[in-house]
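Results of the structural survey
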Amino acid sequence: MNLVQLKKLSYDEVAKCNKCGFCLPHCPTYLVMKEEAYSARGRNAIVRFAIEDQLPLSEDTERSIFTCLGCGACFEACLSSVKTKDLIFQNRECQVDQGFYPKIVDRLVNTLSDAHNISDDDQEDRDEWLELVKEFPEEHFEKEKADVLFFVGCVASFFPMVQKIPANMSTILKKAGVDFTILGGDEWCCGFPLIGAGMPEKLEELKKHNIQKVKDVGAKKVVFTCPSCYHTWKHFYDIEGVELMHATQLINELIKEGKIKLTKPVEGVVTYHDPCDLGRNSGVYEAPRDVIKALPGVDFRELPTNRRFSVCCGGGGNVEMTAPEISAQVAQMKLDAIKGVGADTVITACQQCVRTMATRARRTGSDLKVKDMTEVVLDAME
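Notes on the structure in this doc start here.

1. Digging into the pairing of strand β7 (residues 345-348)
Moving residue by residue along a regular strand, the side chains alternate between the two faces of the sheet. The side-chain alternation of β7 yields two buried faces, one formed by T345 and I347 and the other by V346 and T348. The sheet contact formed by strand β5 (residues 269-272) and β7 spans three bridges and is parallel. The residue of β7 that forms the bridge with V270 is T345. In this fold, the crossover linking β7 to strand β8 (residues 369-372) by way of helix α17 (residues 351-363) has right-handed handedness.

2. Quick look at the sheet that holds β5
Read across the sheet, four strands follow the order β6-β5-β7-β8 without closing on themselves; strand pairing throughout is parallel. Bordering the open sheet on either side are β6 (299-300) and β8, each of which pairs with just one other strand.

3. Some details on the sheet that holds strand β2 (residues 180-181)
Overall, parallel pairing links the four strands, which are arranged β2-β1-β3-β4 in an open sheet. Each having just a single partner strand, β2 and β4 (243-246) make up the two edges of the open sheet. Pairing analysis gives two bridges linking strand β1 (residues 148-151) to β2, with the strands arranged parallel. What sits directly across from L149, in β2, is T181. Contacts between helix α12 (residues 227-236) and the sheet are confined to β1, β3 (221-224) and β4, with β4 contributing the most and set at about 155° to the helix. Here helix α13 (residues 247-256) sits on the sheet and contacts β3 and β4; the angle it forms with β4, its principal contact strand, is near 90°.

4. Brief notes about helix α18 (residues 373-381)
Most of α18 is tucked away: eight of the nine residues are buried. Within α18, the full set of buried residues consists of M373, T374, E375, V376, V377, L378, A380 and M381.

5. Here's the deal with the packing of aromatic side chains
What the rule picks out here adds up to eight aromatic pairs. These aromatic residues form a ring-pair network of at least three members: F151, F224, Y230, W233 and Y237.

6. Re the environment of C313
Within the secondary structure, C313 is located in the loop between β6 and α15 (319-322). Since its relative accessible area comes to 3%, C313 is described here as buried. Separated by 244 residues in sequence, C313 and L69 place their C-alpha atoms 9.4 Å apart. Once residues lying within four places of it in the same chain are set aside, the contact partners of C313 are H273, S327, V330, A331, K334, Q352, C353, T356 and M357.

7. A look at a negative patch on the surface
Taken together, D122, E124, D125, E128, E131, E138, E139 and E142 make up a surface patch of like negative charges. Its place among the elements puts E142 in the loop between α7 (104-115) and β1.

8. Digging into the nonpolar core
Counting 62 residues, the largest nonpolar core has V222, W233, I260 and V377 as its most contacted members. With six residues, the top contributor of residues to this core is α18. Apart from residues lying up to four places away in sequence, W233 is in contact with F151, C190, N210, V214, V222, F224, I239 and L244. Counting 30 residues, the second-largest nonpolar core is a separate cluster that includes F66, Y101, L112 and I195.

The rules behind these values
- Residues numbered from 1 in each chain as written.
- Predicted model: local features only at pLDDT ≥ 70, side-chain atom pairs only at ≥ 80, totals over all residues.
- Heavy atoms only, no water.
- Buried < 20%, exposed > 50% of the residue type's maximum accessible area, 1.4 Å probe, protein only.
- Helix = DSSP H or I, 4+ residues; strand = E, 2+ residues; numbered from the N terminus.
- Pairing = 2+ DSSP bridges.
- Right-handed = clockwise from strand over helix to strand, strands pointing away.
- Contact = heavy atoms within 4.5 Å.
- Axes fitted to C-alpha atoms, helices over the stretch in contact; angles between N-to-C directions.
- Phe/Tyr/Trp six-rings, centres within 6.5 Å; stacked < 30°, edge-to-face > 60°.
- Patch = residues over 30% accessible without salt bridge, like charges linked within 9 Å, V, L, I, M, F, W, Y side chains within 5 Å.
- Areas by Shrake-Rupley, 256 points an atom, 1.4 Å probe, with all protein chains shown as cover.
- Salt bridge = Lys/Arg side-chain N within 4 Å of Asp/Glu carboxyl O.
- Lys, Arg positive; Asp, Glu negative; His and termini not counted.
- Charge placed at Lys NZ, Arg CZ, Asp CG, Glu CD.
- Core = buried A, V, L, I, M, F, W, Y, C linked by side-chain atoms within 4.5 Å.

See the structure below:
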């Protein structure tokens, strides 16, 4: 996308920003950086100045535009309903067009093109997490046909810290009697990182492949433990006759149907972190909370900013890759809020949120437990 295309698409939208500043206390990067260029209002100004030829795209605008987490909290607080996240991601496309973008992104794009995953691993290792499944043989999880396809995602497939998430989910589904399968090495990245990188046009090959695999399996439902995969399929994939569900939604249904029985009490005080791509960006708020409230003996406390106004964990928008120091500061802000409600465990429903918060907790010596929803559900089942 060039500036002419940006002007046609975005000028009326960015012109709605009246510079009131209501977004400032809701923008995580502004809260940690305390600079206008790192706020939603400041980024809107950069987009508008670029469209009006008052500010050339440069390394300075690159820094501001590519440090947005894409969390969408600014939109929820905006009196004028400016779609700042969309504007920023469109501006990223312009930055890419003119060569002003973090060059580490090139490595990501090449990796996705060659390896079809974000970590440049061998696709044959995409299901190595099955080694963590103790109760059932591995061959039970890769079938030619199934009613439900469990789309695992790159992070949970290849990052050891969160490989227990697909292992937990698969065990839950198996115990609940769900007819499901995984794609193993035939699963390709959903393409979400390309959207954040300002290169959404490169999504097509990945999207076409994954949709064909759903058709090959004959699945009527695709379930995701990754909110970003779920969000990408929901908003960028064109697939008819197939229901898309996040894991928390399916688990909640199975609990209500009596197919999942939770019997083991939960110890300690827990809270819940709304992942941005599951909550604000996809509208799933209540299913995770219904699951938590179904846990025996749970002492659940809401964070002061939750649901629409949940604060990002710091792992969104490729910022962990392009500006890790900002990502870490936002993660610390999140951990401080969790400790502030007296919780010793935070439950979330996103492998990236688990990684970001657990890594920050470990590096700062915090005793906070960070758990994915699948972990606490499986523990309560046992």
